[in-house]
Amino acid sequence: MSTISDRIKKRPWMGWLLFFGTMGIVFLLGVFTYTIIENRTAGQFAYVTTTDLDPLEPRAEAWGRFFPRQFNTYAQMADTSFRSKHLGSQRRDLLDQNPRMVILFAGYGFSRDYNSARGHYYSVQDVRETLRTGAPMEAGDGPMPATCWTCKSPDVVRMMDEIGPGDFYAQALSDVGHEIANPINCSTCHESEDMSLKIALPALTETFARLGRDINNASHQEMRSLTCAQCHVEYYFGEDNYLVFPWDEGMRAEDMAYYFDQREFADWIHPLSRAPMIKAQHPDYEVFTTGIHYQRGVSCSDCHMPYTTEGGMKFTDHKIQSPLNNISAACQTCHRQSEAELIRNVYDRQDMVYEVRVKLEDALVAAHLEAEYAWNLGATEDQMRDALHLIRHAQWRWDYAAATHGGSFHAPLELTRTIGDGLDQAHKARREIARVLAELGHIGDIELPDVSTKDKAQRYIGLDPEQMRADKDRFLEEIVPEWLQEAAARHERWDIRRRDPATEPGNYINPQE
């Protein structure tokens, strides 16, 4: 039997093949070993805790020094170029797209300005820029309370730690404008010591306590949604503008409507129909809990903040965005269909919900204008009472569906049911108004005003778009720079304290005297 040496002597090329093959195997083993060692070393430092990070630190950049991968993905939210069929991260003028909303929100801030959200990165800037917050030229001016800042900045958590939630809520938005500088970021959801998820704002914890539940018993997977539910929920301003979640009777639209009726609560009185109205905020979590993904144990973060890898490290992608802009990581880890098919599935559901939603909007706009006509003919409160109650409930159900982000995908069945209920009540309201008009001697159609564009609708309800814009521009040019200067000086003081151990006890942001 011939040996390997004999074979190589007869075929020298086999020796070279064996040599290079052995070298290749050794090289691959070396790379494999190096990768294991590198990743193990990186893993040791991936989540290093540090006492240098203050528990109340509201600046994303400060957290980013210790968690650069997460911070780099967070910073990508500055890009607002993505646009899907119905939403996305681009700013859209929703009143211009849908002038019906001007009439539906007449007498309320959303008739002045209603833009689609651009994401957490712009949470503070968008509050300053929207016409809804007015143009406060001095502290205490403006139409909105400080409560409106609550979900927009971790600076709110810092202030609540200093003065308490009640005293914070009781102020005007402009009273604390110079204090609110940092958009939603790491400290909104994470503990500084170990990066565990936390509920930083009090309303959710208070709501759980009222319902006899302890939020501290929530699992990690539940927390991956509950941190979102600090803000992405329905809420209202109670006594002294205290923030409250109306979940005591349940989280469906009719449950909350009953809650508000029992308390005779109204956000505003509609100036056309005179109906006592309720404004839905964004009942995202409530709607999500009625959908199939929640029922299968999927969390908000699974789809909007899916895991990603970099350099062999697995971590959560903090570019919080629509899954439609990240199909492979957000959807295809579970669903094996093509990207085109998955997008089509989403759009089909959104289109169907929007189709019935528009029908309800048309009925509501007509109801408000017809009610105004009835009042002008001399209708009494007794005659209009039933119609106004129906308008209130019909629009609440519409707004519950319209205000939620992504609800038409999260729970299309629930939203279609809710809109259908609202459409039924809107038609009943119009029949009631027709009955009142007949009692007043009017039979037949009503010539309704032309409110087919944003400009026409706003002028019809008495708004002056040019003046509102001029006032806001002056505010942005004169007051906001002052707020930013005060915030920059405050941040500098914090950094000096952080470097000076004499500030202990306490912390460098709020040292004890």
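In case you missed it, the structure is sitting above this.
Criteria and cut-off values
Residues numbered from 1 in each chain as written. Predicted model: local features only at pLDDT ≥ 70, side-chain atom pairs only at ≥ 80, totals over all residues. Heavy atoms only, no water. Helix = DSSP H or I, 4+ residues; strand = E, 2+ residues; numbered from the N terminus. Buried < 20%, exposed > 50% of the residue type's maximum accessible area, 1.4 Å probe, protein only. Contact = heavy atoms within 4.5 Å. Areas by Shrake-Rupley, 256 points an atom, 1.4 Å probe, with all protein chains shown as cover. Lys, Arg positive; Asp, Glu negative; His and termini not counted. Charge placed at Lys NZ, Arg CZ, Asp CG, Glu CD. Core = buried A, V, L, I, M, F, W, Y, C linked by side-chain atoms within 4.5 Å. Arc of directions from axis to C-beta. Axes fitted to C-alpha atoms, helices over the stretch in contact; angles between N-to-C directions. Parallel < 35°, antiparallel > 145°, perpendicular 65-115°, else oblique. Nonpolar A, V, L, I, M, F, W, Y, C, P; charged D, E, K, R; others polar. Pairing = 2+ DSSP bridges. Phe/Tyr/Trp six-rings, centres within 6.5 Å; stacked < 30°, edge-to-face > 60°. Lys NZ or Arg CZ within 6 Å of the ring centre and 35° of its normal.

Peer 1: How should the overall build of the protein be read in this particular structure?
Peer 2: Across its full length, the protein holds 23 helices and 6 strands. Taking the principal axes of the C-alpha coordinates as reference, the protein spans close to 115 × 65 × 50 Å. Expressed as a percentage of its 513 residues, the buried residues of the protein come to 46%. Considering only intrachain contacts with a sequence separation of at least 6, the fraction spanning at least 24 residues in the protein is 70%. If you sum the accessible surface of the protein, you get close to 25,800 Å²; carbon and sulfur atoms cover 53% of it. Considering the protein, the positive charge centre built from 54 side chains and the negative charge centre built from 76 side chains are found 9 Å apart.

Peer 1: Sorry if this is basic, but what is going on with the nonpolar core here?
Peer 2: As a rule of thumb, soluble globular proteins bury nonpolar side chains together. Core analysis: the largest hydrophobic core is formed by 104 residues, its most contacted members being Trp149, Phe168, Leu204, Leu226, Ile391 and Trp396. The element contributing the most residues to this core is helix α18 (residues 381-402), with 11 residues. When residues no more than four places from it in sequence are discounted, the contact partners of Ile391 are Ser273, Ala275, Met277, Leu364, Ala367, His368, Ala371, Ala429 and Ile433. Grouped together as the second largest cluster of nonpolar side chains are 7 residues, Ile327, Ala330, Leu342 and Val346 included.

Peer 1: How do you make sense of helix α12 (residues 253-262) when you look at a structure like this?
Peer 2: A turn of α-helix holds 3.6 residues, and therefore any two residues three or four places apart point the same way. Restricting attention to buried positions, one finds in α12 the residues Ala253, Met256, Ala257, Tyr259 and Phe260. Across the axial projection of α12, the buried residues extend over an arc of 155°, all falling on one side. Elements in contact with the buried residues of α12: β1 (236-237), β2 (243-244), α13 (284-288), α18 and α20 (412-439). Where α12 ends, the next residue or the one after it, Glu264, has phi of about 50°, a positive value.

Peer 1: I'm lost on the side chain of Asp126 in this one. Help?
Peer 2: Mapped onto the secondary structure, Asp126 falls in helix α7 (residues 123-129). Take Asp126: its relative accessible area is 18%, and that puts it in the buried class. Contact partners of Asp126, with chain neighbours within four places excluded, come to Arg91 and Arg118.

Peer 1: Could you clarify how one ought to interpret the packing of helix α22 (residues 465-478) against helix α23 (residues 480-499) in this entry?
Peer 2: Packed helix pairs are specified by the crossing angle of their axes together with the interaxial distance, meaning the distance between the axes. Between α22 and α23, whose axes approach to 4 Å, the crossing angle comes to 30°. Here α22 lies roughly parallel to α23, going by the angle between them. Between α22, through Phe475, Leu476, Glu477 and Glu478, and α23, the contact on the second element is made entirely by Val480, Pro481, Glu482 and Trp483. Tallied by class, the residues present in the contact of α22 with α23 amount to 5 nonpolar, no polar and 3 charged.

Peer 1: Honestly, the pairing of strand β6 (residues 313-316) in this entry has me stumped. Any pointers?
Peer 2: In regular strands, side chains alternate between the two faces of the sheet. Where strand β5 (residues 307-310) lies against β6, 4 bridges are found, and the strand directions are antiparallel. Its bridge partner being in β6, Thr309 is matched across the sheet by Lys314. Where β5 folds back onto β6 in an antiparallel hairpin, the turn is made up of 2 residues, including Gly311, whose phi is positive at roughly 60°.

Peer 1: Just to check I follow, could you spell out the packing of aromatic side chains for this structure?
Peer 2: By convention here, two paired aromatic rings are described through the distance between centres and the angle between planes. In the structure shown here, the tally under the stated rule is 24 aromatic pairs. Judged by centre distance (6.1 Å) and plane angle (20°), the rings of Tyr235 and Phe237 are stacked. Among the aromatic residues, those joined into a cluster by ring pairs are Phe105, Tyr108, Phe110, Tyr114, Trp268 and Trp398. Sitting over the ring of Tyr122, Arg118 keeps its end group 3.9 Å from the ring centre. Taking NZ or CZ as reference, Arg263 lies 3.6 Å from the ring centre of Tyr259, over its face.

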